[in-house]
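Structure assessment
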Amino acid sequence: MEIDLGDTFGAMLIGALITMAVYGITTLQMYFYYMHYPKDSLGLKFLVALIWILDTLHVILMCHAMHFYLITGFGNPKALVNGTWSLYTSIAINILMAFISQFYFTVKIYHLSPPKVKIWLTGVIGLSVVAHFCFGIETVVFFFLKKEFARLKEVLFESVLPFGILAIASDIFIALALCILLHGSRSDFVETNNLINKLIVIAINRCVLTSAVAVIEVIVFVILPQSFYTFAFDFIIGKLYANSLLATLNARRMLQAQEYSVSITGELTTDFQMASMATYQGTNDSIIRTRSRGGVARRGLGIRVGDVGKEEMSSSTTQEI
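Residues numbered from 1 in each chain as written. Predicted model: local features only at pLDDT ≥ 70, side-chain atom pairs only at ≥ 80, totals over all residues. Heavy atoms only, no water.

The name given to the chain in an unreviewed UniProt entry is DUF6534 domain-containing protein, with the source organism recorded as Amanita thiersii Skay4041.

Before going further, it helps to spend a moment on the UniProt feature "transmembrane region" (unreviewed entry) in the chain. UniProt records the feature "transmembrane region" (unreviewed entry) at residues 12-34, 46-70, 85-107, 119-145, 160-182, 203-224 and 230-249, using the numbering of this structure. Helix makes up 100% of residues 12-34 and strand makes up 0%, while its end C-alpha atoms are separated by 33 Å. Note that residues 203-224 is 95% helix and 0% strand, and that its end C-alpha atoms are spaced 32 Å apart. (UniProt positions renumbered as here; feature names shortened; annotations may be inferred. Helix = DSSP H or I, 4+ residues; strand = E, 2+ residues; numbered from the N terminus.)

The full count for this structure, using the stated rule, is 0 disulfides. The thiol of cysteine 179 is not disulfide-bonded; the next cysteine sulfur, from cysteine 207, is found 8.2 Å away. Given the relative accessible area of 16%, cysteine 179 is considered buried. The class for cysteine 207 is buried, based on a relative accessible area of 10%. (Disulfide = S-S within 2.5 Å. Buried < 20%, exposed > 50% of the residue type's maximum accessible area, 1.4 Å probe, protein only.)

We now examine the packing of aromatic side chains. Within the structure shown, the criterion is met by 16 aromatic pairs. Here tyrosine 33 and tyrosine 34 contribute two aromatic rings whose centre-to-centre distance is 5.2 Å and whose plane-to-plane angle is 80 degrees, an arrangement assigned as edge-to-face. Ring centres of tyrosine 69 and phenylalanine 149 lie 5.9 Å apart, and the angle between their planes is 50 degrees; on these two criteria the pair is classed as tilted. Placement of tyrosine 69 in helix 2 (residues 42-72) and of phenylalanine 149 in the loop between helix 4 (118-146) and helix 5 (156-183) is noted, with a sequence separation of 80 residues between them. Since its relative accessible area comes to 2%, tyrosine 69 is described here as buried. Residue classification places phenylalanine 149 among the buried positions, given a relative accessible area of 8%. One aromatic cluster is present, built from ring pairs that chain together Phe9, Phe68, Tyr69, Phe149, Phe228 and Phe231. (Phe/Tyr/Trp six-rings, centres within 6.5 Å; stacked < 30°, edge-to-face > 60°.)

Time to look at the pattern of salt bridges. Within the structure shown, the criterion is met by 4 salt bridges. Residue aspartate 40 pairs with arginine 252 through a salt bridge whose shortest N-O separation is 2.6 Å. With a gap of 212 residues between them, aspartate 40 in the loop between helix 1 (9-36) and helix 2 and arginine 252 in helix 7 (residues 229-280) connect regions that are remote in the sequence. The same class applies to aspartate 40 as to arginine 252, namely buried. Through salt bridges that share partners, Lys146, Arg151 and Glu154 make up one connected network. (Salt bridge = Lys/Arg side-chain N within 4 Å of Asp/Glu carboxyl O.)

In this section: the side chain of asparagine 94. Among the structural elements, asparagine 94 can be located in helix 3 (residues 85-112). Apart from residues no more than four positions distant in its own chain, asparagine 94 is found in contact with His58, Asp234, Phe235 and Gly238. (Contact = heavy atoms within 4.5 Å.)

Assignment of secondary structure puts arginine 206 in helix 6 (residues 190-223). Sequence separation of arginine 206 and asparagine 243 is 37 residues, and the distance between their C-alpha atoms is 9.0 Å. Among residues more than four places away in sequence, those in contact with arginine 206 are Ser101, Gln102, Phe105, Asp171, Ile174, Tyr241 and Ser244.

Tyr104, Ile109, Ile125, Ile174 and Leu178 are the most contacted members of the largest nonpolar core, which has 35 residues in total. Looking at this core, the elements with two or more residues in it are helix 1, helix 2, helix 3, helix 4, helix 5, helix 6 and helix 7. Among the nonpolar cores identified, the runner-up in size contains 25 residues, and Leu87, Val140, Val155 and Phe228 belong to it. (Core = buried A, V, L, I, M, F, W, Y, C linked by side-chain atoms within 4.5 Å.)

Moving on to the layout of surface pockets. Taken as a whole, the largest pocket spans an internal volume of roughly 560 Å³. Lining the largest pocket are 36 residues, and of these Leu152, Phe221, Ser227, Thr230 and Phe231 lie nearest its centre. Of the residues in the lining of the largest pocket, the class split is 22 nonpolar, 9 polar and 5 charged. When its volume is computed, the second largest pocket comes out at roughly 220 Å³. What lines the second largest pocket is a set of 15 residues, among which Leu209, Leu240, Asn243, Ser244 and Ala247 lie closest to the centre. Looking at the lining of the second largest pocket, the elements that each hand over two or more residues are helix 1, helix 6 and helix 7. Ranked by the residues each element gives to the lining of the second largest pocket, the list is headed by helix 7, at 7 residues. (1 Å grid on protein atoms, 1.4 Å probe; cavity = no way out; pocket = protein on both sides within 12 Å on 5 of 7 lines; lining within 4 Å. Points joined across faces, edges and corners; volume = space filled by probe spheres on them. Nonpolar A, V, L, I, M, F, W, Y, C, P; charged D, E, K, R; others polar.)

Following this line, the structure appears as structure tokens:
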């Protein structure tokens, strides 16, 4: 049996090399997280550690599979016919990482949602996430049962196609929900709206990367079932899910810094307006400013300004996302 190494194991090797580069980004993201967020809850720290451990395990399994096909199986065509256990297990690890990432964002959507839509909104998203996970595990089980690469296309409509469609749908549902909820948090403050816009961009970028790779993976599997480009894309997609979660967690530092800047800008603007008003009215009352944790207290004018330019919804939204 003649095997086209370029479209099979050559494609798989290219995917593995790209995956190793993205794994380096995952490790860097994890390092930044533990450096900048030492006060996060133990649960969140455990989640980050779990994602990195699973990602590392995926790399180990992927490298084992590549070594088996390109080194151990070199010159032995029969060894290249079947899928090795490490290759199929690496797919299961990617599915688990995708599930954890999607479940995390589903929980955040639950906390951000208004009470009236909280249950049904997260219910629909959660159902698509669980279905994506179940069809993914079913696909891996079928791969183990079929063993031979040539027989994998037999489960296209049973599991592979539903698995790919649900992967795309669940990512789109999560992105749409986040964008709608964040858009509903807009206010009259330009700075706050700019902050919300950045959160929306983060949500969209997260969806675009994973969905685009999932779409390409499904199309390639349907059009070129004999090639291994599907495995190459599958190597990468798990890293994208891991990085989307870690990047979202690490983005909080930048967003909180901007939020603090918005607060200071609002306070200075209000200070100037109050001082100008007092001068214009010719008041002789002295303005005594006392700083407190909640805001700025003013005596003489009888006005108290609390957290000027910084809205509660914006602050809570930044913390949740």
